[in-house]
Amino acid sequence: MTTLGPVGVYLPISFTRTPPAESQREAVRRLERAGYRTVWTNEVVGGKDALVQLAVLLAATERLTFGTGIANIWAREPQTLHAAAAFLADAYPDRLVLGVGVGYPQQAEGTGRDFGSPLATMRDYVGRMDAETWPPAPEAKYPRLLGANGPKMLALAGEIADGALPANLPPAFTAEARSVLGPGKLLVVGLAVVPDPDSDRAKAAAIEKISGTLNLPTFSNALRRLGFPLDDVAGIADAVVAYGGPDAIAAKVREHLAAGADHVLLMPPATDDLTADVAVLEELAPAFDGLG
């Protein structure tokens, strides 16, 4: 059985630059030594294949579980995604979680396809993941999560997947997600973090971070539905971003766990200095001792 632990981290790599493989290997080894049990990676359609990346990183570590947050459906055919994930699950049992997301219309257009209805598109994609192929995919099992920031996608995740992965939303949404999914599904929550002991500077950075997120309808619609005035960016940042020192960040993690999350995925800022970014995560790690 895949064991994520209560807290995991994104490998802090930006969408615009991919560090050398050896730098990434060393980064995940350091995170493993720091006590993290799960590391997650992003994906750039046409720029970085998350499954290939995880094959390298799984081989470089001994115990870490890895997850895709999120593997984009426009990057590959569904049967190919399942075959790749099943092969990794066969090679590294209980160390892979596959997060899958529908992405955005621009990503579909970039691959020459029609975005369509997100729900219908996601249902069709996941349904075709298990279509018969020749040669058949390995029979190894792995958890599948759907990226879900709204009630309809959450309901679909509860129906056709093993759980959901919402992100950049407050603990109130985590509680709603748990209610929609029910007790038997895996709920991973992506939490933006701004580690900085200077509280004023950290809050300013949190406000700046969430300002960009509010431009995306998926997030703004969810926050509006939960009763957040969209012009109160500072209030939204307080609810959505974990900022400040280790204790403040750990407190926000506990809020999501108490609201029903099984696992909180820390999403830190990523600079062009992977070594320095990982050092920040190493410093945070002791704050999560005792969470499970």
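One numbering rule holds for all chains: residues counted from 1, following each sequence as written. Two thresholds apply to this predicted model, a pLDDT of at least 70 for residue-level local features and 80 or more for giving and counting side-chain atom pairs, whereas whole-chain, interface and lining totals are computed over all residues. Hydrogens and water molecules were not included; the side-chain quantities draw on all heavy atoms of the structure.

A. Layout of the overall build of the protein. Helix and strand definitions follow DSSP, with helices as H or I runs of at least four residues and strands as E runs of at least two, each counted in order from the N terminus. Each helix and strand counted, the protein has twelve helices and nine strands in total. In this treatment the radius of gyration is a C-alpha quantity, and the globule benchmark scales as 2.2 Å times the residue count to the 0.38 power. Taking 2.2 N^0.38 as the reference for a compact globule, 292 residues should give roughly 19 Å; the C-alpha atoms of the protein span a radius of gyration of 18 Å, in line with that estimate. A principal-axis box enclosing the C-alpha atoms of the protein has dimensions of 60 × 40 × 35 Å. Burial status follows relative accessibility: with a 1.4 Å probe on protein chains alone, a residue under 20% of its type maximum counts as buried, one over 50% as exposed, and anything between as partly exposed. Here the protein holds 292 residues, and 50% of them are scored as buried. Accessible surface, the protein as shown: approximately 12,800 Å² in total, 54% of it carbon and sulfur. Between the centroid of the 25 positive side chains of the protein and the centroid of its 34 negative side chains there is a distance of 3 Å. Accessibility throughout is a Shrake-Rupley quantity obtained with a 1.4 Å probe, and a residue counts as covered only by protein chains that appear here. For the purpose of charge, His is not counted, nor are the chain termini; Lys and Arg are scored as positive and Asp and Glu as negative. Charge placement uses NZ in Lys and CZ in Arg. For Asp and Glu, CG and CD serve respectively.

B. Region of interest: the nonpolar core. Definition of nonpolar core: a set of buried residues of the types Ala, Val, Leu, Ile, Met, Phe, Trp, Tyr and Cys, connected through side-chain atoms within 4.5 Å. Counting 90 residues, the largest nonpolar core has Leu11, Trp40, Leu98, Met122, Leu266 and Phe288 as the members making the most contacts within it. Here this core takes seven residues from strand 7 (residues 186-195), the largest share from any one element. Contact between two residues is taken to exist if any of their heavy atoms lie within 4.5 Å; hydrogens are not considered. Dropping the residues within four chain positions of it, phenylalanine 288 is found in contact with Val7, Tyr36, Ile249, Ala250, Val253 and Leu266.

C. Spotlight on the pairing of strand 4 (residues 96-101). When you tally the buried positions in strand 4, you get six out of six residues, the bulk of the element. Here strand 4 shows a buried face lined by Leu96, Leu98 and Val100 and a second buried face lined by Val97, Gly99 and Gly101. Being paired, for any two strands, means DSSP has found at least two bridges between them. Of the pairings in the sheet, the one linking strand 3 (residues 65-72) to strand 4 comprises five bridges and is parallel in character. Its bridge partner lying in strand 4, threonine 68 is registered against leucine 98. With respect to chirality, the unit in which strand 3 leads through helix 3 (residues 78-91) into the neighbouring parallel strand 4 is right-handed. In this structure, strand 4 lies alongside strand 5 (residues 144-146), joined through three bridges in parallel fashion. Each bridged residue has a counterpart across the sheet, and for glycine 99 the counterpart in strand 5 is leucine 145. When the strands point away from the viewer and the connection leading from the first strand across the helix to the second strand turns clockwise, the crossover is called right-handed.

D. Main features of unusual backbone geometry. Between glycine 69 and isoleucine 70 the backbone carries a cis peptide bond, its omega angle lying at 15°. Within the secondary structure, isoleucine 70 sits in strand 3. A cis amide bond links tryptophan 134 to the next residue, proline 135, at an omega of 0°. Mapped onto the elements, proline 135 comes out in the loop between helix 5 (118-129) and strand 5. Phi is positive for aspartate 94, close to 65°, though the residue is something other than glycine. One can find aspartate 94 in the loop between helix 3 and strand 4. Here the phi dihedral of asparagine 168 falls at roughly 60°; this positive angle occurs in a residue that is not glycine.

E. The arrangement of the side chain of arginine 95 in detail. Here arginine 95 is to be found in the loop between helix 3 and strand 4. Polar contacts, as counted here, are pairs of nitrogen or oxygen atoms within 3.5 Å of one another; within protein the pair requires one atom able to donate a hydrogen and one able to accept it, and residues that are adjacent in sequence qualify only if both atoms are side-chain atoms. One polar contact links arginine 95 to threonine 61, side chain to side chain, over a distance of 2.8 Å. Contact partners of arginine 95, with chain neighbours within four places excluded, come to Leu58, Thr61, Glu62, Arg63, Leu64, Thr65 and Phe66.

F. How the structure looks around the side chain of threonine 213. Following the sequence through the fold, threonine 213 ends up in helix 8 (residues 199-213). If we skip the residues at most four places from it in the chain, threonine 213 touches Asn168 and Phe219.

G. Summary view of helix 1 (residues 21-34). By this rule the span expected of a helix is its residue count minus one, scaled by 1.5 Å. With 14 residues, helix 1 should reach 20 Å at 1.5 Å per residue; the first-to-last C-alpha distance of 20 Å fits that figure. Listed as buried for helix 1 are Gln24, Ala27, Val28, Arg30, Leu31 and Glu32. Looking at the buried side of helix 1, the elements it contacts are strand 1 (7-10), strand 2 (38-41), helix 2 (50-60), strand 3 and helix 12 (274-284). With its phi angle positive at about 110°, glycine 35 sits one or two positions after the end of helix 1.

H. Main features of the packing of aromatic side chains. Note on aromatic contacts: the rings of Phe and Tyr and the six-membered ring of Trp form a pair at centre separations within 6.5 Å, being stacked when their planes are under 30 degrees apart, edge-to-face when over 60 apart, and tilted otherwise. For the structure shown, the criterion picks out two aromatic pairs. Pairing tyrosine 36 with phenylalanine 288 gives two aromatic rings, centres 6.5 Å apart and planes at 50°, and the pair type is tilted. Of the two residues, tyrosine 36 sits in the loop between helix 1 and strand 2 while phenylalanine 288 sits in the segment after helix 12, which places them 252 residues apart along the sequence. There is no split in this pair, since tyrosine 36 and phenylalanine 288 are both buried. Ring plane angle 40° and centroid distance 6.1 Å describe the contact between tryptophan 74 and phenylalanine 115, whose orientation is recorded as tilted. With tryptophan 74 in the loop between strand 3 and helix 3 and phenylalanine 115 in the loop between helix 4 (105-110) and helix 5, the pair connects residues that are 41 residues apart, well separated along the chain. Like tryptophan 74, the residue phenylalanine 115 is buried in the burial classification.

I. Summary view of the packing of helix 1 against helix 2. Two numbers describe how helix 1 lies on helix 2: the axes approach to 9 Å, and their chain directions differ by 55°. When the interaxial angle is binned, helix 1 and helix 2 end up oblique. Crossing of helix 1 over helix 2 shows right-handed handedness. Across the interface between the two elements, Gln24, Arg25, Val28 and Arg29 from helix 1 touch Gln53, Val56, Leu57 and Ala60 from helix 2. Charged residues are taken to be Asp, Glu, Lys and Arg, nonpolar residues to be Ala, Val, Leu, Ile, Met, Phe, Trp, Tyr, Cys and Pro, and polar residues to be all remaining types, Gly included. Its residues placed into classes, the contact of helix 1 with helix 2 shows four nonpolar, two polar and two charged. All axes are obtained by fitting lines to C-alpha atoms, using only the stretch in contact for helices, and the reported angles, taken between N-to-C directions, cover 0 to 180 degrees. Roughly parallel refers to an angle under 35 degrees, roughly antiparallel to one over 145, roughly perpendicular to one between 65 and 115, and oblique to any angle outside these ranges. Each crossing gets its handedness from the near helix: less than a right angle anticlockwise from the far helix is left-handed, clockwise is right-handed.

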